[in-house]
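Residue-level structure breakdown
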Amino acid sequence: MKQIFLISSLLLLTSGCTCSKSSKTIGSSQETLAPKDSTSITIGISQEPDSLFQPFKEMMASSEVLGLGTYTLTQYDENWKLVPWAAKSIPTQKNGGLIVYEENGQTKMRATWQIRDDFFWPDGTPLTGDDFLLSHEIYIDPKQEVIDRSVDDKIEKMEVRGENRKTLIVTWKESYAYYHAYGQHGALPNHIIRSVFENSPQKLKKHAFGRRPMLAGGYSIEEWVPGNYVRALRNPKTVHPDRNPVLDEVIFKIIPQTNTLESNLVSGSIDAISPTGLNLDQALQFEKRYGDQFDFHYVSGLLWEHIDFNLDNPILKDLRVRQALAHGANREGIANALFKGRQPVAHGTEPPKSQYHNDNIKKYPYDPVKAGKLLDAAGWKRGNPSAIRMKEGEKLSLILMTTSGNKTREKIEQLLQAQWRQLGVDIQIQNQPAKVFFGDTMHRRKYTGLAMYSWIKDPLALSDTLWRCDYIPSKKNNWMGQNQPGWCNKEAHNILLQASQELDDAKRIALGKRFEEIWAEELPALPLYFRVSVSVTKKGLKNWKPTGMSQPMTWNAHKWAWAGN
Amino acid sequence: MLHIINRIFQMCLILALLSVGLFGLLSAMPGNPVDMLVTSNPKVKPEDIVRLKKLRGLDKPWYVQYVRWVWGYNEPYRPVEVGDVSLASSLIRESRTHGNADGERGASRIVSLKSSLRNPNMSFTFSEVQSSLEKADPELWAKLSRQSLQQKILEKKRVDWLIERISQQNPAIYEAMGNALKKEGIKQIKIRGLNDVKAEGHVLSIPASTAGYAYFVAENPQGMETVGHVKVEGSSAGPLHVEPISSRIVDDPDKFKVELKKFISLSTQGEGGRIEDSSDEGDDRWLKFSLINSPGTIDGEGIYRHKFDHPGQTAIQFRVGDGEGNEAFAAFSVEHGPIPDPTRFNNGFLHVFAGDTAALGFSNTYKRPVWDLLSGEKIICGDGREGPGETCDDKNALNGDGCSNTCQDETLGWGGIAGAKISSFFVGSGRVGNTLALMFPAILISLLLAIPIGMISAYRQYSWMDYVVNFLAFIGISLPVFWFAIMMMFLFAEQLHLFPAGGIQSPGIYDEGLWAVLSDRWYHAVLPTVVLSIAYTGRWLRYMRSSMLEVLPSDYIRTARAKGLSEAAVVVKHAFRNALIPVVTVLTLSIPALFGGAVLTETVFSWPGIGRLQYDAVLNSDYYVAIVVFLISAALVMAGNLLADLAYVLVDPRIRKA
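Computed from a predicted structure; not experimentally measured.

Some words on the overall build of chain A
Helix and strand counts for chain A come out as 15 helices and 20 strands. Scaling as 2.2 N^0.38, a compact globule of 565 residues should have a C-alpha radius of gyration of about 24 Å, and chain A matches this with 27 Å. Principal axes of the C-alpha set define a box for chain A whose edges measure 95 × 75 × 45 Å. Buried residues in chain A amount to 61% of all 565 residues.

So, the packing of helix α18 (residues 567-589) of chain B against helix α22 (residues 623-651) of chain B
All names here are of chain B. Running from amino to carboxyl end, α18 crosses α22 at an angle of 165°, the nearest separation of the two axes being 8 Å. Taken together, α18 and α22 sit at an angle that is classed as roughly antiparallel. Crossing hand, α18 versus α22: right-handed. Together, Arg577, Leu580, Ile581, Val584, Thr585, Thr588 and Leu589 of α18 and Gly640, Asn641, Leu643, Ala644, Ala647, Tyr648, Leu650 and Val651 of α22 make up the contact between the two elements. When the residues that make up the contact of α18 with α22 are grouped by side-chain class, the tally is 10 nonpolar, four polar and one charged.

Some details on the confidence of the model for chain B
Residues and elements named next belong to chain B. With 52% of its residues at a pLDDT of 70 or more, chain B shows a mean pLDDT of 68. Looking at the elements of chain B, mean pLDDT is at its lowest for strand β2 (residues 92-97), recorded as 26, and at its highest for helix α14 (residues 464-478), recorded as 91. Contacts for the low-pLDDT stretch residues 233-285, under 50 throughout, to residues beyond four places or in other chains number 125 contacts. Note on residues 380-412: pLDDT is under 50 here. Beyond four places in sequence and across chains, it has 85 contacts. The ipTM assigned to the predicted complex is 0.79, against a pTM of 0.73.

Brief notes about helix α10 (residues 368-377) of chain A
All names here are of chain A. Within the sequence span of α10, burial applies to Ala371, Gly372, Leu374 and Leu375. For α10, the arc enclosing every buried residue in end-on projection is 160°, short of the 170-degree limit, so these residues lie on one face. Those residues of α10 that are exposed and angled more than 90 degrees off the buried face are Val369 and Lys373. Elements that come into contact with the buried residues of α10 comprise α8 (319-327) and α11 (407-423).

Some details on empty space enclosed by the protein
According to the stated counting rule, one finds 12 cavities of 30 Å³ or more in the structure shown. Put simply, the second largest cavity is a space of about 70 Å³. Across the lining of the second largest cavity, the residue classes tally to five nonpolar, six polar and one charged.

Quick look at helix α6 (residues 280-290) of chain A
Looking only at α6(A), the buried set comprises Leu280(A), Ala283(A), Leu284(A), Phe286(A) and Tyr290(A). Buried residues in α6(A), looked at end-on, bunch into an arc of 165°, giving them a common side. If you follow the buried residues of α6(A), they end up packed against α5 (258-267), β11 (272-278), β12 (294-309), α9 (331-339) and β18 (525-538) of chain A together with α15 (481-495) of chain B. Regarding α6(A), its N-cap is Asn279(A), as a side-chain oxygen of that residue lies 3.1 Å from the backbone nitrogen of Asp281(A) further along.

Some remarks on the sheet that holds strand β7 (residues 167-172) of chain A
The strands making up a sheet are joined through hydrogen bonds of the backbone, oriented either antiparallel or parallel. Residue and element names in this part refer to chain A. Read across the sheet, four strands follow the order β4-β5-β7-β6 without closing on themselves; strand pairing throughout is antiparallel. Only two strands of the sheet have a single partner each, and these edge strands are β4 (98-103) and β6 (155-161). Pairs of neighbouring strands in the sheet enclose a mean axial angle of 20°, with direction left out of account. Of the strand pairs in this sheet, β4 and strand β5 (residues 106-114) are connected by six bridges, and their pairing is antiparallel. Pairing of glutamate 102 across the sheet is with threonine 107, part of β5. Packed onto the sheet, helix α3 (residues 129-140) meets β6 and β7 and runs at close to 155° relative to β6.

Some points on the packing of aromatic side chains
All told, the structure shown has 29 aromatic pairs over all chains when counted by the stated rule. Members of the aromatic cluster, each reached through a chain of ring pairs, are Trp304(A), Trp467(A), Trp487(A), Phe515(A) and Trp519(A). Note that Arg68(B) overlies the ring of Tyr73(B), its terminal NZ or CZ placed 3.8 Å from the centroid.

Some remarks on the pattern of salt bridges
Applying the stated criterion to the full structure yields 42 salt bridges over all chains. Lys205(A) is the partner of Glu145(A) in a salt bridge, and the nearest nitrogen-oxygen pair spans 2.9 Å. In this pair, Glu145(A) is assigned in the loop between α3 and β6 and Lys205(A) in the loop between α4 (190-199) and β8 (219-225), connecting sequence segments 60 residues apart. An identical accessibility class is assigned to Glu145(A) and Lys205(A); each is buried. Across the pair Arg468(A) and Asp464(A) runs a salt bridge whose closest N-O atoms are separated by 3.6 Å. Three or more residues are tied together by salt bridges with common partners; here these are Asp50(A), Glu58(A), Glu145(A), Lys205(A), Arg56(B) and Lys367(B).

Some remarks on the sheet that holds β12(A)
Residue and element names in this part refer to chain A. Read from one edge of the open sheet, 10 strands run β8-β9-β10-β1-β11-β18-β12-β17-β15-β16, paired in mixed fashion. Both edges of this open sheet fall to β8 and β16 (426-429), since each of them pairs with a single strand only. Each strand of the sheet is rotated relative to its neighbour by a mean of 25°, with strand direction disregarded. The pairing of β12 with strand β17 (residues 450-456) spans seven bridges and is antiparallel.

A closer look at the pairing of β16(A)
Residues and elements named next belong to chain A. Of the pairings in the sheet, the one linking strand β15 (residues 397-401) to β16 comprises four bridges and is parallel in character. Along β16, the bridge assignment pairs leucine 398 with isoleucine 427. After leaving β15, the chain enters α11 and then returns to the sheet as β16, a path that is right-handed.

A word on the confidence of the model for chain A
Parts of the prediction with low pLDDT should not have their coordinates interpreted in detail. For chain A, the average pLDDT comes to 85, and 93% of its residues sit at 70 or higher. Taken element by element, the predicted model of chain A shows its lowest mean pLDDT in helix α1 (residues 2-22) of chain A (38) and its highest in α8(A) (96).

Things to note about the pairing of β11(A)
All names here are of chain A. Burial of β11 is extensive: six of the seven residues sit out of reach of the surface. Where strand β1 (residues 40-45) lies against β11, two bridges are found, and the strand directions are parallel. Its bridge partner being in β11, glycine 44 is matched across the sheet by isoleucine 273. Pairing analysis gives three bridges linking β11 to β18, with the strands arranged antiparallel. Note that in β18 the partner of isoleucine 273 across the bridge is valine 536.

Structural notes on the nonpolar core
Formed by 158 residues in total, the largest nonpolar core has its most connected members in Leu127(A), Phe286(A), Trp420(A), Leu450(A) and Trp560(A). Here this core takes eight residues from β18(A), the largest share from any one element. The residues touching Leu127(A), leaving out its near neighbours within four places in the chain, are Tyr71(A), Ala86(A), Ile115(A), Phe119(A), Phe120(A), Trp121(A), Phe132(A), Lys166(A), Ala187(A) and Ala216(A). Counting residues in hydrophobic clusters, the runner-up holds 36 residues, among them Val34(B), Leu52(B), Tyr366(B) and Ala634(B).

Considering unusual backbone geometry
Located in the positive-phi region is Leu523(A), a residue other than glycine, with phi close to 50°. Positionally, Leu523(A) belongs in the loop between α15 (505-522) and β18. The exposure class assigned to Leu523(A) is buried, which follows from its relative accessible area of 0%. The residue Tyr462(B) is not glycine, and still its phi comes out positive at about 65°. Note on placement: Tyr462(B) falls in the loop between α13 (431-459) and α14.

Things to note about a nonpolar patch on the surface
All names here are of chain B. Judged by side-chain polarity, Phe482, Trp483, Met487, Val599, Leu600, Tyr615 and Leu619 come together as a nonpolar surface patch covering roughly 660 Å² of accessible area. Among the secondary structure elements, those contributing two or more residues to the nonpolar patch are α15, α20 (599-604) and α21 (610-619). Here the nonpolar patch takes three residues from α15, the largest share from any one element. Tracing the backbone through its elements, the reader meets leucine 600 in helix α20.

Analysis parameters
Residues numbered from 1 in each chain as written. Chains lettered and ligands numbered in written order. Predicted model: local features only at pLDDT ≥ 70, side-chain atom pairs only at ≥ 80, totals over all residues. Heavy atoms only, no water. Helix = DSSP H or I, 4+ residues; strand = E, 2+ residues; numbered from the N terminus. Rg over C-alpha atoms; globule rule 2.2 N^0.38 Å. Buried < 20%, exposed > 50% of the residue type's maximum accessible area, 1.4 Å probe, protein only. Axes fitted to C-alpha atoms, helices over the stretch in contact; angles between N-to-C directions. Parallel < 35°, antiparallel > 145°, perpendicular 65-115°, else oblique. Left-handed = near helix turned anticlockwise from the far one by under 90°. Contact = heavy atoms within 4.5 Å. Nonpolar A, V, L, I, M, F, W, Y, C, P; charged D, E, K, R; others polar. pLDDT = per-residue confidence, 0-100. Arc of directions from axis to C-beta. 1 Å grid on protein atoms, 1.4 Å probe; cavity = no way out; pocket = protein on both sides within 12 Å on 5 of 7 lines; lining within 4 Å. Points joined across faces, edges and corners; volume = space filled by probe spheres on them. Polar contact = N/O pair within 3.5 Å; in protein donor to acceptor, adjacent residues only side chain to side chain. Pairing = 2+ DSSP bridges. Phe/Tyr/Trp six-rings, centres within 6.5 Å; stacked < 30°, edge-to-face > 60°. Lys NZ or Arg CZ within 6 Å of the ring centre and 35° of its normal. Salt bridge = Lys/Arg side-chain N within 4 Å of Asp/Glu carboxyl O. Right-handed = clockwise from strand over helix to strand, strands pointing away. Core = buried A, V, L, I, M, F, W, Y, C linked by side-chain atoms within 4.5 Å. Patch = residues over 30% accessible without salt bridge, like charges linked within 9 Å, V, L, I, M, F, W, Y side chains within 5 Å. Areas by Shrake-Rupley, 256 points an atom, 1.4 Å probe, with all protein chains shown as cover.

Take a look at the structure:
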């Protein structure tokens, strides 16, 4: 019996040793912190891309992978500045590329883009205006399952001119301030996709191109093993000296679990964790353990965490109550306690890096005395210092909702509940799973008091669907818009209408700053903080410059290099 | 036998009921994936949601969706709400009106069409292009023939590539050929009349009552349609030119509205003068519209309204005047439907049994057919054949056509291709394959360990070995799998660097050949297999032990011993066989786990198996994936039960006799 036991336990315990000999070693202990191969990089992502077919993708992971072969007309750099990419320059009124004209009393505009001569598809075909035209045609085709057509809907027509088909003329139906961000829809290889689009448009979404697309930027997709990894290789036809990638290969490893992501980095199977991999909480924990071995990149982002006040609620309709809640919340303290000061408190709706950010707006520092006075003035009085405030026999009680299972939000909720309780405000927490919270409660505006969640902001545009009067979701407007608080301010509404058509940057920025002032004065929501995005890389990786916003961190992948490259 | 048929019938019935229930439950879950888009992307508008729901079939009540999913449906070939209105006259270059025939106003032969039916040359056969090129430029043809790559293309009869090469080498010839081919192309275009106009081949028969223009639909071989018209009386004015700007039929539950103002930008060629573009709101009040021989009304705002009571396509002809004597004619066509296209029947789930794998549906989360997700992807090679192991024209010739490296070069030879086939079986295996590759070894190892150890431990009850085994078994049972998995990874991957920290294979391993692929897969499978085996071994060992303990003191064991049988024969033949009966139940019931996978282990080890797929599918409301995997598991549970019953017959002679 002894023998059998020994054999079985040996079988169990030693199976590892035999395999390690017969297979190749992926990372031995000495080389943990050096890249496996100095011409390649492996990045861990927690999400699997859905489709790599530009018009049909929905996930951030897809954008990150596609960013490797960026060939859009323009893109944002790490300072959120729009720079020309596949275009020679950005057409403006000053350089004559943008013409604004009147046609039958309607302001229209025409932008002329010149496409660079040094962008090629990996098979050697040059990138032309036809490739952008095709992409636009797919976006506006009603038979295609394209989700966001908001920009393409504003385009009256798109034409390609010139002997080399390198001139792209975009005519806009209206004056549209963000015309130059048109780069968000990349080009598609006209010489391959056109025939599919025309012959069997219903098959386009299912076409194999979505699994192994051809990209005209620095890298092109070589292989995608579902659930496992996506591998991109250098585009052999890149000729532009500044866009020629340093590394030969970029691999995205799909690892859905945070612990596994970290283990992979520590064991050397991956060289970096993408910003979609870890949240701030996890990153801070990880940094505590391995802070000296890796570079941690904290970049302030466009995700605006806040608490909406439902202004249909008679209690919250009173500005003094909203201001009191803001003064009664120690947001500074919460940010320091939970985020080690990495995520500073927000005072308005625009992040500090935004051009519309305004520092001279009304702020609501933690001041419980002032908060108490505001509530007293609003008629909410308390009998003794520990009681809940009352007004005409009614208790000052509000329901606070958020997505259940989100630890950070739940912690903030508890802290706020305690702080507001000291003010004499009773907060009932009612959390819901994300599907119910967003799919039903917020979508149909069913929350009655406070709702904590976040919005991702556009780096260029003011968020008109969030604050315009006609975007208060209701049955009447078929639940259109995201003005969940139900805030309607005439001046703010007009500013938002005006800004999207204002082509003069200085004037538009002034409008944006004014909007921030009005917003802070009226406080339809309690701003909490702008989330930072965190990515982790092995030491020695150069030019890793995540933007923190919708532009994926792969935007400058061609410049990534290991020390010594 | 009857019993088995009866059981199978019951299984089918239960599965059918289960599928209705599951479908209803999944649809009732809040957070429809399309609705969620509004809350995640501020730019998505309600009309986008309506459009996407229609495209994905989510606009129907759940039971209709269910029937469509089970049986299938005729696909409406054009959604009702937005049909681009094509205005026709610019399509006609030349038309001749013939004299009166009996009761007919005239017959018109369509001689050429300026094509907005784009790219008709795509439908030409290879030999047509080849002969046309040979005639036009023999030198170029010879040159192309000499080049091996081109030769290869020609062998594969890739017309589009050939045309592309010609266009690069000699644009003038390309142009000339294009014109010649287009002339040929008109023959392939099908014409059908609209309203009362009848078409026979390319000749239209126009009834006497028709005034002004007769309308027809032209369709190219790819099924793209456009509307054309011919002028039937007088010929001096020539065809009218109407350029559509952006015109669409506005969705209205009862009526179809066409905003005429928006698409009138006309310049008449005849004497009628000029009517300015009226898309501007302010200046067009003076425009007067009147219908000619067409149903419906046009109001003062220039909106056309009519409620059509049958599906189809109707041409609407109207006159527009500016009040100063200038007049123009124009037309548009209205598609009223939706028009189910009998040729485009989308097969439902049941058609899977007839061999149509696409009938399993399409996953909107993974943007792949459900069948591909489960069984692995078919790789489409450059030459249109389906890999893996198939050959490609050129590895890099058409990057982006879905042809991956798994398409091998022909030079590999027979052995190489066979090797490639085996390794691509592993590389491209789907979720089912991945799960089997993990669960089968895990279950097998656990059985091989649990049964003998359980037996021995029961035989030597209360010995030190029994205590140790029990202790280890309890550890195996009570260790939370995810925690144990993380610990194993921490120890063997993070600290000792002996095994990879999850994943299923190393990137790019395919290029290194069959043995590299196999050993790489094995290397990745060790940690998750060990974790799963330990959990299963602990459980089964306890079953085996307690079952043995029940049997060993029985009378027949004593009898067997008394007969003088050897101890081995007593234990193996008499005790073990009887102890197996309850163990068989447990084993057969773990068959579904073989396919169902282990969510936690798969998640921790980034192993793309069924368990993780199912979890993600439910979270993302990916209905088709979720329900298919649910049904497979349910079917397996029932099949496992049936198998258990059959296995009893084998191991238990009492049942066999009964």
